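Structure at a glance
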Amino acid sequence: MHIQEWLETVPAIAVYLLVGGVIGLESLGIPLPGEIVLVSATLLAASQDHINPYVLGGCAVAGAIIGDSIGYLIGRKGGKPLLDWLGRKFPKHFGPHHVATAEKAFTKWGMWAVFVGRFIALLRIFAGPLAGVLKMPYWKFLIANVLGGIVWAGGTVALIYTVGKVAEEWIGKFSWLGLVAALLFGLGSFVVMRIKAKKAASKDEATAGQPTEAEAVAAAE
């Protein structure tokens, strides 16, 4: 069976549920490739008329907002011990340096770290739980969560779908190349954050044990 014919047999409801479920679980704090799934599903919608981009976007937005809200409640209930437990279970995603990087983002941007975190692979899984752990007021979290979910999920679907329709003939002939491009796109932001996290870790190690400015002044006196 030709790849295009096989894609036509994929039920639309399965695509909607997959997108909403994966993004929801990722937003909740489970390391899953939400961005890759969203971009791939949108490319599929651009080449398959039975998949409605508006419904797809709605499922993505709902998954993002609901998942983040559940993550916030879990983080508020679990507190710091939750981050320690996640660090042991998922050291590549919730290690001490990853947590430190995320906390710095929250210190710098406040509630808008939740919004900005939507567009950064590493922060996307941290935003909800960490906002809860840090006791961010829920109304602030909710505003940033809703806005971030709409702009990120809805905007991604709108952009990728538009580009996909323009290149529909190309995608139809080279479907797998389109999916590979989506994979690389999704992995890009994650790799960048990993590099930044490693640099931050190296900097922290280099300064570890050195006296602070206040301590240096006290010692001099």
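In what follows, the accompanying structure is described. Within every chain, residues take consecutive numbers counted from 1 along the sequence as written. Where totals are concerned, whole chains, interfaces and linings use all residues; where local detail is concerned, this predicted model gives features only for residues with pLDDT of at least 70, and gives and counts side-chain atom pairs only at 80 or more. With hydrogens and water excluded, all non-hydrogen atoms of the structure serve as input to the side-chain values.

Details of unusual backbone geometry
- Phi at K135 is positive, roughly 60 degrees, even though this residue is not glycine.
- A run of H or I in DSSP becomes a helix once it reaches four residues, and a run of E becomes a strand once it reaches two; helices and strands are each numbered from the N terminus. With respect to the helices and strands, the residue K135 is situated in the loop between α8 (121-133) and α9 (138-166).
- You can call K135 partly exposed: its relative accessible area is 47%. Burial here depends on accessible area, computed with a 1.4 Å probe over protein chains only, as a share of the maximum for the residue type. Under 20% is buried, over 50% is exposed, and the range in between is partly exposed.

Some words on the packing of aromatic side chains
- Between rings of Phe, Tyr and Trp, where Trp is taken as its six-membered ring, a pair exists when centres lie within 6.5 Å; planes separated by under 30 degrees are stacked, by over 60 edge-to-face, and by other angles tilted. Scanning the model with the defined rule gives five aromatic pairs in all.
- The interplanar angle of 80 degrees and the centroid separation of 6.0 Å between the aromatic rings of W112 and F115 together place this pair among those described as edge-to-face. Of this pair, W112 and F115 both sit in helix α7 (residues 112-117), three residues apart, roughly one helical turn.
- Residue classification places W112 among the partly exposed residues on the basis of a relative accessible area of 39%.
- Overall, F115 belongs to the partly exposed group, its relative accessible area being 22%.
- On the numbers, 5.6 Å between centres and 55 degrees between planes, the contact of F115 with F119 is tilted.
- The structure contains a cluster of three or more aromatic residues connected by ring pairs, namely Y72, Y138 and F141.

Observations regarding helix α2 (residues 12-28)
- In a regular helix each residue adds 1.5 Å, so 17 residues correspond to 24 Å; α2 covers 24 Å between its end C-alpha atoms and thus fits that length.
- Every buried residue belonging to α2 is among A12, V15, Y16, V19, G20, V22, I23, G24, E26 and S27, and all of these are buried. Take the number of residues in a helix, subtract one, and multiply by 1.5 Å to get its expected span.

Considerations on the environment of H50
- Relative to the helices and strands, H50 is located in the loop between α3 (34-47) and α4 (53-89).
- Put simply, H50 and T9 are 41 residues apart on the chain and 9.7 Å apart in space, counted from C-alpha to C-alpha.

Thoughts on the side chain of R118
- Positionally, R118 belongs in the loop between α7 and α8.
- N or O atoms closer than or at 3.5 Å make up a polar contact, with two conditions inside protein: a donor-capable atom paired with an acceptor-capable one, and, for residues adjacent in sequence, both atoms drawn from side chains. Within the structure, the side chain of R118 is placed 2.6 Å from the backbone oxygen of A64, a separation counted as a polar contact.
- A polar atom in the side chain of R118 sits 3.2 Å from the side chain of D68.
- By the convention used here, residues are in contact when the closest approach between their heavy atoms is within 4.5 Å. Excluding its chain neighbours within four sequence positions, the residues that come into contact with R118 are S27, A64, I65, D68, R124, N145, G148, G149 and W152.

With respect to the packing of α2 against α3
- Angular values range over 0 to 180 degrees, each being the angle between N-to-C directions of two axes fitted as lines to C-alpha atoms, with helices fitted over their stretch in contact. Between α2 and α3, the least distance of the axes is 9 Å, while the angle of their chain directions is 160 degrees. Considered as vectors, α2 and α3 are oriented roughly antiparallel to each other. For α2 against α3, the interelement crossing comes out left-handed. For the pair formed by α2 and α3, the contact residues are V15, L18, V19, V22, I23 and E26 on the first element and G34, E35, V37, L38, A41 and L44 on the second.
- Classification convention: Asp, Glu, Lys, Arg as charged; Ala, Val, Leu, Ile, Met, Phe, Trp, Tyr, Cys, Pro as nonpolar; all other residues, Gly among them, as polar. Split into classes, the residues belonging to the contact of α2 with α3 amount to nine nonpolar, one polar and two charged. Here is the rule for angles: anything less than 35 degrees is roughly parallel, anything more than 145 is roughly antiparallel, 65 through 115 is roughly perpendicular, and the remaining ranges are oblique. Take the far helix as the reference: if the near one is turned anticlockwise from it by less than a right angle, the crossing is left-handed, and if turned clockwise, right-handed.

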